[in-house]
Amino acid sequence: DVVVTRKPFYNPEIHTEFEAVFKDSLTKNYILIQKEALKRKKISENKASFPWNANEFSEIINFNPNNDQDDEGYIFSVKGKMEIDSVYNNISVVYAGFNKEGEQVFYSGFPLRWYFGARNLTFNFEINQPVRFSEKEIESLKIYLWNPENRSFQLSEGMLEVFELR
């Protein structure tokens with residue numbers, strides 16, 4: 001597992017499970033590699049494809065851990081082949097966590113065009129997001145595609161894999 005961070009967030013005396021393998025002299029960012037990889041157990045695998053549409057929101061999954069699993073960490077992996085109608089179309093994979101009251105307490109979005117297809121109408125992608133439900137009192141996690149401009153897109157060969165971290 002790899003992390004990009006900077007001081008004061010990274011302190012080698014505290015974060016002993018990581019090794020700094022690179023430091024950028026301009027930005028002062030560090031690239032860290034976890035010394036011992038986390039053990040993963042696949043607990044779910046679902047196909048997730050959407051035909052051509054212009055929906056603003058397309059839900060991939062609404063995940064609720066079992067009560068005995070809510071302190072576990074997870075990695076949610078979304079991958080597939082995205083086709084868009086314009087290089088200006090900006091579709092994001094969004095991970096949104098909600099507490100018992102239904103308030104959003106966690107948000108992480110990945111604009112696919114900027115990561116994988118700034119000049120491509122068709123591209124493959126894979127996004128991996130770790131989530132620990134106990135950290136922010138997350139009760140459920142929604143993963144969805146956000147298409148704010150309501151432009152046409154298609155997701156094929158889509159797959160969602162959920163891994164429990166041990």
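The structure presented is a predicted model; accordingly, all values stated were derived computationally and were not measured.

Asks: Explain the side chain of N147 to me, please; I cannot follow it from the model alone.
Replies: Along the chain, the position of N147 falls in the loop between β11 (140–146) and β12 (153–165). Contacts of N147, omitting those with residues within four sequence positions, involve A54, N55, E56, N89, N90, I91 and F153.

Asks: Looking at this structure, how should I read the environment of N11?
Replies: Checked against the element boundaries, N11 lands in the loop between β1 (2–6) and β2 (18–23). For N11, a relative accessible area of 27% puts it in the partly exposed group. It is 23 Å that separates the C-alpha atoms of N11 and G73, two residues lying 62 residues apart in sequence.

Asks: Can you help me understand the sheet that holds strand β6 (residues 57–63) in this one?
Replies: Within a sheet, each strand pairs with its neighbour through backbone hydrogen bonds, oriented either parallel or antiparallel. Taken together, the four strands give an open sheet; going across it, the order is β6-β11-β8-β9, and neighbouring strands pair in antiparallel fashion. Each edge of the sheet is formed by a strand with only one pairing partner; in this case those strands are β6 and β9 (104–111). Averaged over all pairs of adjacent strands, the angle between strand axes in this sheet comes to 15 degrees, irrespective of strand direction. Note: β6 against β11, six bridges, orientation antiparallel. Paired with F57 across the two strands is W146, which belongs to β11.

About the thresholds
- Residues numbered from 1 in each chain as written.
- Predicted model: local features only at pLDDT ≥ 70, side-chain atom pairs only at ≥ 80, totals over all residues.
- Heavy atoms only, no water.
- Helix = DSSP H or I, 4+ residues; strand = E, 2+ residues; numbered from the N terminus.
- Contact = heavy atoms within 4.5 Å.
- Buried < 20%, exposed > 50% of the residue type's maximum accessible area, 1.4 Å probe, protein only.
- Pairing = 2+ DSSP bridges.
- Axes fitted to C-alpha atoms, helices over the stretch in contact; angles between N-to-C directions.

By themselves, these are just geometric observations and shouldn't be taken as functional.
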